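# Observations on chain architecture
The chain contents come next:
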Amino acid sequence: SQKIEQNSEALNIQEGKTATLTCNYTNYSPAYLQWYRQDPGRGPVFLLLIRENEKEKRKERLKVTFDTTLKQSLFHITASQPADSATYLCALDENTGFQKLVFGTGTRLLVSP
Amino acid sequence: EPEVTQTPSHQVTQMGQEVILRCVPISNHLYFYWYRQILGQKVEFLVSFYNNEISEKSEIFDDQFSVERPDGSNFTLKIRSTKLEDSAMYFCASQQEQDNEQFFGPGTRLTVL
């Protein structure tokens, strides 16, 4: 089954800088990949979805890239703010025709003022 | 903006008791899911539901678990005889169409004593 790797160590950056988070997967390429934000004790909040035929997707200060050769997605937050501090989850489908998502462990982002 | 809602937000029960977790998905969505997250661990898929039947379930979703969409708006997860290891956050999610984003509810924290 699919294995997803996200950096388990927290990423500490200063306000205004660009945060870059990595998601690597090990097996077959998914049909699409999603990024979610999760705050402590809360449900995942959908941010962006990128499909296997898309290289890049943007939404306001967020950008996602998808490299099926490297089996990697990068998630960027530009001009980061303390309010961006949260855990960011990568999730992908298993490309089996079913719709279940497989999640990574998430990377905690801390943006300091 | 439409959102997925879940009740209760916190449920405490004794081992061996039955619990029912309730979800109201977004109204025009067709695909429904339950996931769970044990404290400090990743979000895990439990079951998917489409067209009034289970479309896929994980190994976690054994005979103690069942799902129902009794009235066209609610989507419930029943655990027949709870175990200590069922303690987790349970998230409901819904999806409008295949291969689109899934929207998660805020979760129910289940504590089994």
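Residues numbered from 1 in each chain as written. Chains lettered and ligands numbered in written order. Predicted model: local features only at pLDDT ≥ 70, side-chain atom pairs only at ≥ 80, totals over all residues. Heavy atoms only, no water.

### Regarding the overall build of chain B
Put simply, the rule reads: Strands here mean DSSP runs of E at least two residues long; helices mean DSSP runs of H or I at least four residues long; both are numbered from the N terminus. Contacts between residues were defined by any pair of non-hydrogen atoms, one from each residue, lying within 4.5 Å. The method behind every accessible area is Shrake-Rupley, applied with a 1.4 Å probe, and residues are considered shielded solely by the protein chains displayed. Think of it this way: Lys and Arg go in the positive column, Asp and Glu in the negative one, and His and the chain ends go nowhere. We put the charge of a Lys on NZ, of an Arg on CZ, of an Asp on CG and of a Glu on CD.
Secondary structure summary: chain B contains 0 helices and 11 strands in total. Listing the helices and strands of chain B from first to last along the sequence gives β-β-β-β-β-β-β-β-β-β-β. The dimensions of chain B, computed from C-alpha atoms along their principal axes, are 40 × 25 × 25 Å. Look at the contacts in chain B between residues 6 or more apart in sequence, and 54% of them connect residues 24 or more apart. Only carbon and sulfur atoms are counted for the fraction: they give 44% of the accessible area of chain B, which is about 5,800 Å². If you average the places of the 9 positive and of the 16 negative side-chain charges in chain B, the two averages end up 7 Å apart.

### Overview of the state of the cysteines
Spelled out, the test is: Criterion for a disulfide: a pair of cysteine sulfur atoms at a distance within 2.5 Å. Throughout this description, buried means an accessible area under 20% of the type-specific maximum (1.4 Å probe, protein chains only), exposed means over 50%, and partly exposed covers the range between.
For the structure on display, the rule yields 2 disulfides over all chains. Here A:C23 engages in a disulfide with A:C90; their sulfurs sit 2.0 Å apart. Here the disulfide of A:C23 and A:C90 is left-handed, its torsion about the S-S bond being about -60°. Residue A:C23 is found in strand β3 (residues 19-25), and its partner A:C90 is found in strand β9 (residues 86-93); the two are separated by 67 residues along the sequence. Neither A:C23 nor A:C90 differs from the other in exposure class; each is buried. Disulfide pairing places B:C23 opposite B:C92 at an S-S distance of 1.9 Å.

### Overview of the nonpolar core
Quick reminder of the rule: Only buried residues count toward a nonpolar core, which is a set of Ala, Val, Leu, Ile, Met, Phe, Trp, Tyr and Cys residues joined through side-chain atoms within 4.5 Å.
Counting 23 residues, the largest nonpolar core has A:L33, A:W35, A:F75, A:I77, A:Y88 and A:L109 as its most contacted members. Elements represented by at least two residues in this core include exactly β3, β4 (32-38), β5 (45-51), β7 (62-67), β8 (72-77), β9 and β11 (107-112) of chain A. Ignoring anything within four residues of it in the chain, the contact list for A:L109 reads A:L11, A:I13, A:A19, A:I77, A:D84, A:S85, A:A86 and A:Y88. Grouped together as the second largest cluster of nonpolar side chains are 21 residues, B:I26, B:W34, B:V67 and B:L77 included.

### Some remarks on the environment of B:E56
Residue and element names in this part refer to chain B. In this fold, E56 is placed in strand β6 (residues 53-57). Residue class for E56 comes out buried when judged on its relative accessible area of 16%. Taking the C-alpha atoms as reference, E56 lies 8.5 Å from L46; in sequence the two are 10 residues apart.

### So, the interface of chain B and chain A
How big an interface is tends to be expressed through the accessible area that disappears when the partners come together. Note the cut-off: Here the buried area means the combined drop in accessible surface, using a 1.4 Å probe, for two parts upon being joined, counting both sides. Should a side-chain nitrogen of Lys or Arg be within 4 Å of a carboxyl oxygen of Asp or Glu, the pair is scored as a salt bridge. Definition of a polar contact: a pair of N or O atoms within 3.5 Å, with one able to donate and the other able to accept a hydrogen when the atoms are protein atoms, and with sequence-neighbouring residues admitted only if both atoms are side-chain atoms. Any residue that is not Ala, Val, Leu, Ile, Met, Phe, Trp, Tyr, Cys, Pro, Asp, Glu, Lys or Arg is counted as polar, Gly included; the first ten are nonpolar and the last four charged.
The interface of chain B with chain A comprises 21 residues on the first partner and 20 residues on the second. Buried surface at the junction of chain B and chain A, summed over both partners, amounts to about 1,700 Å²; 54% is from carbon and sulfur atoms. Three residues, B:K42, B:E56 and B:D99, lead the burial of chain B against chain A; their summed loss comes to 29% of the area buried on that side. A salt bridge links B:E56 to A:K100; its shortest N-O distance comes to 3.6 Å. Linking chain B with chain A are 4 residue pairs in polar contact (both at pLDDT 80 or more), by the criterion used here. Counting residues per element, the ones that place at least two in the side of chain B that touches chain A are β4 (31-37), β6, β9 (88-95) and β10 (103-104) of chain B. Here the side of chain B that touches chain A is built from residues that sort into 9 nonpolar, 7 polar and 5 charged.

### As for the confidence of the model for chain B
Put simply, the test is: pLDDT is a per-residue confidence score from the predictor, ranging from 0 to 100.
Averaged over chain B, the pLDDT score is 94; the fraction of residues at 70 or greater is 100%. Mean pLDDT in chain B bottoms out at β6(B), which sits at 92, and peaks at strand β11 (residues 108-112) of chain B, which reaches 98.

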